[in-house]
Amino acid sequence: MANKRKRDNAPESEPAGKTEQQSIKKVKAPAPTKAARATSNSSTSATPFKVGSTSPITIQVVAGSYDRVLHGITATITPTTTTIPSKINKKKAAAAAETTTSYKVSFADTFLFNAHASAIRCLALSPPSAPTPGQKGGQKVLLATGATDERINIYNISAHPPSAKAADDQKLLNSITPRPVLENPKNRELGTLLHHSSNITRLVFPNRSKLLSASEDSTVAVTRVRDWALLHTFKCPIPKAQGRPSGDTAALGAVPAGVNDFAVHPSNKIMISVSKGERSMRLWNLETGKKSRVLNFPKDVLMEIGEGKHSTGEARRIVWGEDEFAVAFDRDVLVFGMDCRPRCRVMRDDVVGTKMTKVHEIKYVSLGKEEGQEEEKNVLAVATEDGRILFFDTAEAELLEPPAPKEEEQQQQQQHKIKLFDSKTPNAKLIAQLGGKTAGVSGRIKDFTILPVEDEESGKRSWFVVSAGSDGRIRMWRLESGDLRVGKAEGVKAGRQVGELLGTYETENRITCLGAFVMIPRPEGSVESEYEYDSEESEDDEDSDDE
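Predicted model only: the values in this text are computed from it and were never measured.

Q: Kindly report on the overall build of the protein, identifying the contributing residues and their values.
A: The helix and strand tally for the protein stands at 8 helices and 31 strands. The buried share among the 547 residues of the protein stands at 50%. For the protein, the exposed area adds up to about 27,700 Å²; of that, 48% sits on carbon and sulfur atoms.

Okay, structure coming up:
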């Protein structure tokens, strides 16, 4: 009989000696393939969508709200190139002319209905289906929504923009509606999953063939997309009652329980989950379906980020990076290496420029390969309560040392014999910030999505950022190729304001979750059928290939 696994404490950021360093086991995670990196939920899509410099881009945005309403919006971004002639020499005006590109966005409602009986908590979008020759319905994207009614609704969304014929048929409808309507008749509802007995907290499509869902019943369910069968359920233990903290909404005699979040490694072999009432994270083996390890967060590190004795100390969000993973707490974020050591924190007061603000969402963004480097550069994006998206460089070479204690604190410590807590964890470097009061955004950002786009001619990468918050506004931003680069050039300051606001869409509902993807232009010669489904056999073959 195997010995019972014990809880392990997450090792300190600096090993005390050789024996301690040898005793720490690294997380065995094989290097992900290119296909796995593109479809993983660990970060925003690493594979950029290639477009022409003058071709329009259509983005499908899906947003859930507290008011049970599910919004489907298409944002069409049209670039306009303007040539400014030089005034120095008329003969050389053509050669010295400057070309500037401006972007204009137009929004239209794709669908708008009450999807659940109560507040929508989360949603997930799958990778698009593989293109097949002569496919009548075109490529599809699966949409899953979860709410506090214990249900998971599944929808089929077209990966292509609505046809020109559909736009012409809805001109009469647009003349009487306050907002433009561009309904896509290929979007359909598939059904409802009842795999959980409590509120749904997280949904993820690690690939096209599987759906993972977490709930407040302390389970993570694995569902096969081909027939929507429940393959396995990971059961997390319910924590023991240790008093009732302020703001506790658990029933009388019960304790706060449930999975807050989970993250699947790009190899699809390892999963990490964080739950309510636990100061730890759990590692799961997706191949065997069993628990691998339990790692407690170091107490001294929790004290540094404001999770003291009287705080819950539980993690809210977790996401995988290239060779690290980030764990978000109530007001700070910890970055761990593959050896499960705390590498750095993120939201230090003197770095962020304000007192500790609440963290709502975290994601990794791939910047591509820099000059002289073989691996792609990744940065960590953090959405905050004060309406900003902060971008941090978590590389070990760019970390900031902890500040030295102030003289006033040292005198107070000696005079009153008070033991003050010294910060020992380095902080990530702040590269840039998007939004905030400077850009006219003061409300919280509940969720955001970053979509990379690459120019086919120049090869430059840019990003479209879709953000939403409790104020009901969905904002579309654009980041240039050099906005997220580390400031090594002259005149480039760290923590600078970046991004261009292209447009704002008023939903008039309190947004809780958001998802978006760049729609694929319909290939030439494809059949635009508005009433026929795709061949089920082709989708089944594709799902079996993913397995």
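Now, onward.
Q: Could you give an account of the sheet that holds strand 23 (residues 376-384), naming the residues involved and the relevant values?
A: Read across the sheet, 5 strands follow the order 22-23-24-25-29 without closing on themselves; strand pairing throughout is mixed. The sheet terminates laterally at strand 22 (359-369) and strand 29 (496-497), the two strands that pair on one side only. The pairing of strand 22 with strand 23 spans 9 bridges and is antiparallel. Bridging from a neighbouring strand, Val 365 pairs with Val 379 of strand 23.

Q: Can you explain the packing of aromatic side chains? Please cite residues and give values.
A: The tally for this structure, following the rule as stated, stands at 9 aromatic pairs. Ring plane angle 65° and centroid distance 5.4 Å describe the contact between Phe 234 and Trp 284, whose orientation is recorded as edge-to-face. With Phe 234 in strand 13 (residues 229-235) and Trp 284 in strand 16 (residues 280-285), the pair connects residues that are 50 residues apart, well separated along the chain. Here Phe 234 and Trp 284 have matching classes, each one buried. Between Phe 325 and Phe 336, the aromatic rings sit 5.4 Å apart at their centres with planes inclined by 5°, giving stacked as the arrangement. Residue Phe 325 is found in strand 19 (residues 324-328), and its partner Phe 336 is found in strand 20 (residues 333-337); the two are separated by 11 residues along the sequence. By the burial criterion, Phe 325 is buried, and Phe 336 matches it.

Q: Provide a residue-level description of the sheet that holds strand 30 (residues 500-506), including the pertinent values.
A: Strand order across the open sheet formed by 5 strands is 2-26-27-28-30, with mixed pairing between neighbours. Of all strands in the sheet, those bounded by a partner on one side alone are strand 2 (49-51) and strand 30. In this sheet, neighbouring strand axes are inclined to one another by 25° on average, regardless of whether the strands run parallel or antiparallel. Examined bridge by bridge, strand 26 (residues 447-455) and strand 27 (residues 461-468) share 8 bridges and lie antiparallel to one another. What sits directly across from Asp 447, in strand 27, is Ala 468.

Q: With reference to specific residues and values, describe the side chain of Asn 509.
A: Of note, Asn 509 is situated in the loop between strand 30 and strand 31 (511-518). By relative accessible area, Asn 509 is classed as buried at 15%. In this structure the side chain of Asn 509 is engaged in a polar contact, spanning 3.1 Å, whose partner is the backbone oxygen of Thr 507. Look past the residues within four positions of Asn 509 in its chain and what remains in contact with it is Ser 65, Asp 67, Val 69, His 71 and Gly 472.

Q: Explain the pattern of salt bridges residue by residue, including any values.
A: Any two side chains of opposite charge can pair if their charged atoms end up close together. A complete count under the given rule lists 24 salt bridges for this structure. When the shortest N-O distance is used, the salt bridge between Arg 510 and Asp 67 registers 3.8 Å. With Arg 510 in the loop between strand 30 and strand 31 and Asp 67 in the loop between strand 3 (57-65) and strand 4 (69-84), this pair connects stretches of sequence that are 443 residues apart. Overall, the relative accessible area of 43% leaves Arg 510 in the partly exposed class. Measuring nitrogen to oxygen at the nearest pair gives 3.6 Å for the salt bridge that ties Arg 179 to Asp 109. Of this pair, Arg 179 sits in the loop between helix 4 (171-174) and strand 9 (188-193) while Asp 109 sits in strand 5 (residues 98-114), and the two are 70 residues apart along the sequence. Taking the relative accessible area as the measure of exposure, Arg 179 reaches 23% and is therefore partly exposed. Relative accessible area serves as the criterion here: at 9%, Asp 109 is assigned to the buried category. Sharing partners across several salt bridges, the network here consists of Arg 202, Asp 261, Arg 317 and Glu 361.

Q: Give me the state of the cysteines: which residues, what numbers.
A: Inspection of every chain in the model, using the stated rule, returns 0 disulfides. No disulfide involves Cys 122; its sulfur sits 6.4 Å from the nearest other cysteine sulfur, which is in Cys 513. Assessed through its relative accessible area of 5%, Cys 122 is described here as buried.

Q: Before we move on, could you go through the pairing of strand 23 and cite the residues and values that matter?
A: Judged by how many residues are buried, strand 23 sits mostly within the fold: 8 of 9 residues are covered. As judged from the 4 bridges shared by strand 23 and strand 24 (residues 388-393), these two strands associate in the antiparallel manner. Bridge pairing in strand 24 places Val 382 opposite Leu 390.

Q: I'd like a description of the nonpolar core, backed by residues and values.
A: With 24 residues, the main nonpolar core has Ile 59, Val 61, Ile 77, Phe 464, Ile 474 and Met 476 as its most contacted residues. Elements that contribute at least two residues to this core include exactly strand 3, strand 4, strand 5, strand 26, strand 27, strand 28 (473-479), strand 30 and strand 31. For Ile 59, the residues in contact, after removing those within four places along its chain, are Ile 73, Thr 74, Ala 75, Ile 77, Leu 451, Phe 464, Met 476, Ala 516, Phe 517, Val 518 and Met 519. Within the second largest apolar cluster, 21 residues are counted, among which are Met 281, Val 327, Phe 336 and Met 338.

Q: How would you explain unusual backbone geometry if you had to name every residue and give the values?
A: Negative phi values dominate among residues other than glycine, just as trans dominates among peptide bonds. With phi around 55°, Trp 228 is a residue other than glycine that occupies positive phi space. Here Trp 228 is to be found in the loop between strand 12 (219-224) and strand 13. The residue Asn 268 is not glycine, and still its phi comes out positive at about 60°. Mapped onto the secondary structure, Asn 268 falls in the loop between strand 14 (259-264) and strand 15 (270-275).

The rules behind each value
- Residues numbered from 1 in each chain as written.
- Predicted model: local features only at pLDDT ≥ 70, side-chain atom pairs only at ≥ 80, totals over all residues.
- Heavy atoms only, no water.
- Helix = DSSP H or I, 4+ residues; strand = E, 2+ residues; numbered from the N terminus.
- Buried < 20%, exposed > 50% of the residue type's maximum accessible area, 1.4 Å probe, protein only.
- Areas by Shrake-Rupley, 256 points an atom, 1.4 Å probe, with all protein chains shown as cover.
- Pairing = 2+ DSSP bridges.
- Phe/Tyr/Trp six-rings, centres within 6.5 Å; stacked < 30°, edge-to-face > 60°.
- Axes fitted to C-alpha atoms, helices over the stretch in contact; angles between N-to-C directions.
- Polar contact = N/O pair within 3.5 Å; in protein donor to acceptor, adjacent residues only side chain to side chain.
- Contact = heavy atoms within 4.5 Å.
- Salt bridge = Lys/Arg side-chain N within 4 Å of Asp/Glu carboxyl O.
- Disulfide = S-S within 2.5 Å.
- Core = buried A, V, L, I, M, F, W, Y, C linked by side-chain atoms within 4.5 Å.

None of this, on its own, says anything about what the molecule does.
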